[in-house]
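Structural characterization, general
For reference, the chains in residue letters:
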Amino acid sequence: VWAPDITKLDGGYYLYYSISSWGQYVSAVGLMTSPTLDPNNPNYKWTDRGMVVHSSEGEDLNAIDPGVFSAPDGTLWLSYGSYHGNIELVELDPKTGLRIATNSAVSIIASHSEASDIIYHDGYYYLLVNHGSCCQGKNSTYNIRVGRSRKVAGPYLDRHGEDMVQNGGTLFLAAAGNQIGPGHFGRLVDDGVEKFSC
């Protein structure tokens, strides 16, 4: 179990997580919820809500690295996928945190990248992903790329107009000094200040 992403909604905290094995592509994203993050609160309890999306052997997809996104219009979305194939996007039910329907529409928003996350700013949706390879110590080539779109389902284009489905993406953050292989962009708004993790 790895690569969690969490958001706060009216019903509490929604934690999305990956289930897979290294180098395998039969994977899934699951959901757990808790009304609070305070373990001293009597209501503190994580409940597993089950599988949200999955991938099968032979599919051009590895359903890992969930990125949950609350859009300004109140809709809820999940991006997921890895360098093995596509990054996909599905709409979620804000009341349950699960996919709105088992056969609901899937949008392909990027390819040959991973650790996707979407943010919204000033009329644009921004898709951040990782390119390169991780987990090789000082030889890791991970870097964070970005594209933007007027619509949550894309197309996401980089500054040169290249579609992220066609391997586009403007460099956001690369290795520098002893900071090797930055990856997995995350966003937090803390007392009105925007911060990002990698």
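Residues numbered from 1 in each chain as written. Predicted model: local features only at pLDDT ≥ 70, side-chain atom pairs only at ≥ 80, totals over all residues. Heavy atoms only, no water.

1. A closer look at the packing of aromatic side chains
Enumeration according to the criterion identifies six aromatic pairs in this entry. Note on Phe172 and Phe196: the rings are 5.3 Å apart at their centroids and 70° apart in plane angle, and the pair reads as edge-to-face. On the criterion of sequence distance, the pair formed by Phe172 in strand S12 (residues 170–173) and Phe196 in strand S14 (residues 193–197) is long-range, its members being 24 residues apart. Classification of Phe172 as partly exposed rests on a relative accessible area of 37%. (Phe/Tyr/Trp six-rings, centres within 6.5 Å; stacked < 30°, edge-to-face > 60°. Helix = DSSP H or I, 4+ residues; strand = E, 2+ residues; numbered from the N terminus. Buried < 20%, exposed > 50% of the residue type's maximum accessible area, 1.4 Å probe, protein only.)

2. Focus: unusual backbone geometry
A cis amide bond links Gly154 with the next residue in sequence, Pro155, at an omega value of 10°. Summarising the element assignment, Pro155 is placed in the loop between strand S11 (143–149) and S12. Unusually for a residue other than glycine, Asn167 sits at a positive phi of about 75°. Its place among the elements puts Asn167 in the loop between S11 and S12. Look at His184: it is not a glycine, yet its phi comes out positive at around 55°. Here His184 shows up in the loop between S12 and strand S13 (186–190). A residue is classified by how much of its surface remains accessible, and His184, at 29% relative accessible area, is partly exposed.

3. Considering the pairing of strand S3 (residues 27–34)
Each regular strand shows side chains that alternate between the opposite faces of the sheet. Among the eight residues of S3, seven are classified as buried, and the element is accordingly described as predominantly covered. Bridge count between strand S2 (residues 12–19) and S3: seven bridges; the pairing is antiparallel. Its bridge partner lying in S3, Ile19 is registered against Ala28. (Pairing = 2+ DSSP bridges.)

4. Looking at the pairing of S13
Bridge count between S13 and S14: five bridges; the pairing is antiparallel. Pairing of Val189 across the sheet is with Glu194, part of S14.

Shape is all these values report; function is a separate question.
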